[in-house]
Amino acid sequence: MARPRKRTALLPQRHTEPDLFVCDILDATPKSDRASMEHPLFSLSVKKDLAPFEYEQGNVKVKITPAATEGRANVFDRDILIYVLSQLMAAKNDGQEIGRRVRISAHDLLKATNRHTTGQAYATLRRALTRLQFTQIETNIHDHGLGEWRSISFITDARIVKEDSTGRLLSVELEMGDWLVKAIENKNVLTLHKAYFQLRKPLERRLYELARKHCGRQDVWRIGLDKLQHKTGSTSPAKEFKRLVKVICKADEELAHMPDYCFRLQHDVLEVSPKPEFLDVYAESTTPVAANSIHLSADVYEKAREVAPTWDVHFLEQEWRMWIDEPPQHPDAAFIGFCRKWAARRGKA
């Protein structure tokens, strides 16, 4: 009797030899908007999630109503948005005009995001499109920080342009939410490692997103488990959440399967640090390495909210890091001064 195949930490690469037609598409660097990396807009459940969700962090408020039939959009549905945003960013960098309406090949999407291309995969894709369109988000998140309270969707329209005799999608036309397209236009996005699509667990993907958003190239980023659970959007009991994080950290310590970063749990604090090869991988970034190596204290964000009360302080941090030419002698004071001047010149978000 054949032995059962041992489960690996990462999903296997299912499409290692793409044909020439999709080669350029697969080479597009995965991108994600900062807002949905910062805030838990996607469910961590792999089952149908019909529960309403509310989240509040500082001045940011989010209320999510799931799609009536398919439930709330989840982290795996997010792959569709990452794929489309990557194509839009590549087109913009190539000097092309971009807009909200995008036509994609379902087959190319499945291959680029490391999915199977079976009939079941196409049916799963159809349900994901429904969740992305009908999951309703009420929030004051704005592309440039914080703005007015409004209702938004990930995609506002999805039209199947072609499908074959078996019902498999061949071509799909999407209308993206305007806030996502604005994120591309303003380059308010971050690059993801392609191994992101090989991460098996929803929480692994969420932890990676938060690491990319908050750690960057800092030597280390620390966050307590209580705050981490809040930012992931996990609805598990605290004890179970700690166990889940501990399992991921133990696997990463043994197998180093998490992309870009090392994850270690020290009592009730998660420590994240970049892997040695990380700087080489993202050497093309426009953000200076010196700026990303600057460490800000944990208390500085509350002070920043006091001097710029209507702005997203993490958005301001990214602006500050791209603005400075060299590491300041007193980083906290320099960042607070930047936030104060930003708010004074631009007023409310």
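What comes next concerns the included structure. Bear in mind the structure is a predicted one, so any value in this text is a computation, not a measurement. (Residues numbered from 1 in each chain as written. Predicted model: local features only at pLDDT ≥ 70, side-chain atom pairs only at ≥ 80, totals over all residues. Heavy atoms only, no water.)

### A short note on the nonpolar core
Test applied: What is meant by a nonpolar core is a set of buried Ala, Val, Leu, Ile, Met, Phe, Trp, Tyr and Cys residues, joined one to another through side-chain atoms within 4.5 Å. Relative accessibility under 20% of the residue-type maximum defines a buried residue, over 50% an exposed one, and the middle range a partly exposed one, all with a 1.4 Å probe and only protein chains included. In this description a helix means any DSSP run of H or I spanning at least four residues, a strand means any run of E spanning at least two, and both kinds are numbered starting from the N terminus. When checking whether two residues touch, look at their non-hydrogen atoms; a contact exists if any pair is within 4.5 Å.
Phe-154 and Met-176 are the most contacted members of the largest nonpolar core, which has 46 residues in total. No other element matches the eight residues that helix H3 (residues 78–93) contributes to this core. Residues within four places of Met-176 in sequence aside, it is in contact with Leu-81, Val-84, Leu-85, Arg-100, Val-102, Phe-154, Ile-155, Thr-156 and Val-181. Leu-210, Ala-211, Leu-228 and Tyr-261 belong to the second largest nonpolar core, which has 26 residues in total.

### Some thoughts on the packing of aromatic side chains
Where we set the bar: Two rings from Phe, Tyr or Trp (for Trp, the six-membered ring) form a pair when their centres sit within 6.5 Å of each other. Planes less than 30 degrees apart are called stacked, planes more than 60 degrees apart edge-to-face, and all others tilted. For a lysine, the NZ atom is tested; for an arginine, the CZ atom; a charge sits over a ring if that atom is within 6 Å of the ring centre and within 35 degrees of the ring normal.
On inspection of all chains with the given rule, the structure shows nine aromatic pairs. When the ring of Phe-154 is compared with that of Trp-179, the centres are 6.1 Å apart and the planes differ by 45°; the resulting orientation is tilted. You can see Phe-154 sitting in the loop between strand S6 (145–152) and strand S7 (155–163) and its partner Trp-179 sitting in helix H6 (residues 178–185), a full 25 residues away along the chain. Here Trp-179 falls in the buried class, since its relative accessible area comes to 7%. Arranged with centres 5.7 Å apart and planes meeting at 40°, the rings of Phe-338 and Trp-342 form a pair that is tilted. Separated by four residues within a single helix, Phe-338 and Trp-342 lie in helix H14 (residues 331–346), roughly one turn from each other. An aromatic cluster is defined as three or more aromatic residues linked by ring pairs; in this entry it consists of Tyr-196, Phe-197, Tyr-208 and Tyr-261. When the ring centre of Phe-53 is taken as origin, the NZ or CZ atom of Arg-72, which lies over that ring, is 4.2 Å away. Its end group placed over the ring of Tyr-196, Arg-205 keeps NZ or CZ at 4.9 Å from the ring centre.

### Details of the state of the cysteines
The line we're drawing: Disulfide: a pair of cysteine sulfur atoms within 2.5 Å of each other.
Within this structure, the stated rule accounts for zero disulfides. Looking at the unpaired Cys-215, the closest cysteine sulfur is the one in Cys-262, lying at 9.9 Å. We classify Cys-215 as buried; its relative accessible area is 2%.

### Things to note about the pairing of strand S8 (residues 169–176)
Across a regular strand the side chains alternate sides, sitting on one face of the sheet and then on the other. So the rule is basically this: Between any two strands, pairing holds if DSSP finds at least two bridges.
Extensive coverage of S8 is indicated by the burial of six of its eight residues. Note that S7 and S8 share seven bridges and pair antiparallel. Looking at the pairing, Asp-157 lines up with Glu-175 of S8. The antiparallel hairpin formed by S7 and S8 contains five residues in its connecting segment, where Gly-167 sits at a positive phi of about 90°.

### Structural notes on the sheet that holds S7
Quick reminder of the rule: To obtain an axis, a line is fitted to C-alpha atoms, over the contacting stretch when the element is a helix, and the angle between two such axes runs from 0 to 180 degrees between their N-to-C directions.
As summarised here, the arrangement of the three strands in space is S4-S8-S7, forming an open sheet in which the pairing is antiparallel. A single partner strand is all that each edge strand has here, and the edge strands are strand S4 (101–105) and S7. Between one strand axis and the next, the sheet turns through 20° on average, direction left out of account. As judged from the five bridges shared by S4 and S8, these two strands associate in the antiparallel manner. By the bridge assignment, Arg-101 is partnered in S8 with Glu-175. Against the sheet, H3 makes contact with S4, S7 and S8, and its axis sits at roughly 75° relative to S8, the strand it touches most.

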